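Chain residues, written in single-letter form:
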Amino acid sequence: MEYNLADLFESVVDVVPDREALVYVDHPGTGAERRLTYAQLDEGANRIAHHLIDSGLRPGEHLGLHLYNGTEYLQTVLACLKARLVPVNVNYRYVEEELVYLYRDADLAALVFDGEFTARVAAALPRTEKLRHLVRVGPAPQGAPEPAVPPVEFADAEATGDPGRGFPPRSPDDLFIIYTGGTTGMPKGVMWRQEDLFFAGLFGGEPSGEPVKRPEELAERVAARGGGLTFFPAPPLMHGTSTLTSFVAFNYGQRIVIHRKYVPEEVLRTIEKEKVSSISLVGDAMLRPLIDALNGPLRGTDLSSLFSVSSSGAIMSDSVREEFQRLVPNVLLLNNFGSSESGSNGRATADSGREKGFRLEVNEATLVVDPATHEPVPVGVPGRLAQRGHVPLGYYNDPAKTAETFFERDGRRWVLLGDMATVDEQGIVTVLGRGSQCINTGGEKVYPEEVEQALKAHPDVYDALVAGVPDAVWGSHVAAVVQVRAGAGPLTLAEVQGHCRTLLAGYKIPRQLVLTPEIQRSPSGKADYRWARSVAAEADAGTGPDSPSDTDPGAATGTGTRA
């Protein structure tokens, strides 16, 4: 037996087949749900895996998951691992142009997609030459055009696939690809060997103790441990963090609960009903709506089963943490730190916050290095975070970016992360911020260059810069500072948003528009993002003397549900 994720999952199934593995709430508030034991989930994954093999897919080919949360998502990931196909996450918010890029960049041979996205898939398919097999989950909307490649319905694939295993031997070198946003705004596929992902992203099968020392030990620990814990990954499974959280739970022999979409009131009801032990979120954008519900219609909800609330992708701010702690005093609030390129790096210290900054207790594989020499920096000297040992092989289809980010030193693989940081005498790391201009809005990464290109495609836009402005709900919102063409009529936020919706996913669309007579750039023509942020922030606060601002309050201060 090897450190292969399918082998490891099957070993857990064999010792706890009748233990509940997955609870899925289809439509929050309706009571519709699906419950699967480990044996049932394993059989369902076997059926889909055999269907994919019987359809002509071969080991090493790539399959995209363009899905909302559901049993089908995790079932398909497991099916890929069993059949030695490579699962690739697809952001379901992407529109046609973004999908074409990702489908092609990832060399997708197959796609499992939600019926709601039928029209988008049909539009993108003609420009994705390698994509030859489609499986659809649920019905298409009435009137939606059918893709040129006829999709197989998921229910039919599941019904006709062989329920047994009978798969060829697998390898710890089998790939798992996690797509993440790139510094230019285009997504990048992070290539993980499954053994490396098991130790770096899944804690070696033991999130609160010593990693296993041999593959067989995982099932032995599960059999001895017993059940009783429930994990709740609340963000979309299309984000690597939620899928990895699910596998952490599976490797631990426990169960997970998932919702199709994030609805705060239903999240709280599920915590109470299913006795959830641990829930993972993305920063204030997901935690604040829970507080609002607990202060309002869900006051008195029994959260006594809840042991921990963890955040990855965005930190939970001090004020929001304090308010939630007041409402749920016995819960442990954890700001975790990691990335698609590194897995888990560490966790915020107890004194991390406004006064001392974002401080981390990092694992032994994480260091702060000089980005030029890759040598560890002295105490107090800024450097870049880096991780060694169990790190990815690189970025799929991007050798240049791989060479910039991944390197070898002392016979070990390293990855150079994008975060600037310092380290103190005790080894505590203080994260200073991203080296790029990345905007983090509700845990989603938005890169200014991509939004600027979309803005400049509008006929009335002469020049534009994009910056992040602090936002009480989402952490930051996207602000566009725009210079209109001479002689053009008035430009409104609604018009800009309507234009951008044809080119960008919803979370990238500007929530604030600032019109300025001239965009300020350096003499060489480089963007002055400090100026753009200042102009946008002043306009947002109503203090800018010369820059009119048009803001969408609903978008900037939403209720916590994002499409």
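Residues numbered from 1 in each chain as written. Predicted model: local features only at pLDDT ≥ 70, side-chain atom pairs only at ≥ 80, totals over all residues. Heavy atoms only, no water.

A. Structural view of the pattern of salt bridges. Across all of its chains, the model carries 44 salt bridges by this definition. Arg132 is the salt-bridge partner of Glu61, the closest N and O atoms lying 2.8 Å from each other. Residue Glu61 is found in the loop between helix H2 (38-54) and strand S3 (62-66), and its partner Arg132 is found in the loop between helix H5 (118-124) and strand S6 (133-137); the two are separated by 71 residues along the sequence. Of the residues examined, Glu61 reaches a relative accessible area of 22% and is grouped as partly exposed. Assessed through its relative accessible area of 40%, Arg132 is described here as partly exposed. A salt bridge links Asp196 to Arg193, with the shortest nitrogen-to-oxygen separation between them at 3.1 Å. (Salt bridge = Lys/Arg side-chain N within 4 Å of Asp/Glu carboxyl O. Helix = DSSP H or I, 4+ residues; strand = E, 2+ residues; numbered from the N terminus. Buried < 20%, exposed > 50% of the residue type's maximum accessible area, 1.4 Å probe, protein only.)

B. Layout of the confidence of the model for the protein chain. Per-residue pLDDT for the protein chain has a mean of 89; in total, 92% of the residues score no lower than 70. In this model residues 544-548 is a low-confidence stretch, pLDDT under 50, and it forms ten contacts with partners more than four residues away in sequence or in other chains. Below pLDDT 50 for its whole length, residues 553-563 participates in 26 contacts with residues either more than four positions away or in separate chains. (pLDDT = per-residue confidence, 0-100. Contact = heavy atoms within 4.5 Å.)

C. Looking closely at the environment of Arg326. When you line up the elements, Arg326 lands in helix H12 (residues 318-327). The spatial distance from the C-alpha of Arg326 to the C-alpha of Ile291 is 9.9 Å, given a sequence separation of 35 residues.

D. Molecular detail of the side chain of Thr180. Checked against the element boundaries, Thr180 lands in strand S8 (residues 175-181). Excluding anything up to four places from it in sequence, Thr180 contacts Met186, Pro187, Lys188, Val190, Ser340, Glu341 and Lys445.

E. Inspection of the packing of helix H10 (residues 264-274) against helix H11 (residues 283-295) at higher detail. Packing of H10 against H11 brings their axes to within 9 Å, and their N-to-C directions diverge by 75 degrees. The orientation of H10 with respect to H11, classified from their angle, is roughly perpendicular. Contact with H10, carried on its side by Pro264, Glu265, Val267 and Leu268, involves Pro289, Leu290, Ala293 and Leu294 of H11 and no other residues of that element. Here the contact of H10 with H11 is built from residues that sort into seven nonpolar, no polar and one charged. (Axes fitted to C-alpha atoms, helices over the stretch in contact; angles between N-to-C directions. Parallel < 35°, antiparallel > 145°, perpendicular 65-115°, else oblique. Nonpolar A, V, L, I, M, F, W, Y, C, P; charged D, E, K, R; others polar.)

F. The arrangement of the pairing of strand S13 (residues 308-311) in detail. Neither face of S13 is open: one carries Ser308 and Ser310, the other Val309 and Ser311, and all of them are buried. As judged from the four bridges shared by strand S12 (residues 278-281) and S13, these two strands associate in the parallel manner. Bridge pairing in S13 places Ile279 opposite Val309. The parallel pair S12 and S13 is bridged by H11, and the resulting crossover is right-handed. Inspection of the sheet shows S13 paired to strand S14 (residues 332-339) by four bridges, in the parallel sense. For Ser311, the partnering residue across the bridge sits in S14 and is Asn335. Regarding the hand of the β-α-β motif, the stretch spanning S13, H12 and S14 is right-handed. (Pairing = 2+ DSSP bridges. Right-handed = clockwise from strand over helix to strand, strands pointing away.)

G. A look at the environment of Lys213. Relative to the elements of secondary structure, Lys213 occurs in the loop between helix H7 (194-200) and helix H8 (216-225). Taking the C-alpha atoms as reference points, Lys213 and Leu268, separated by 55 residues in sequence, lie 38 Å from one another.

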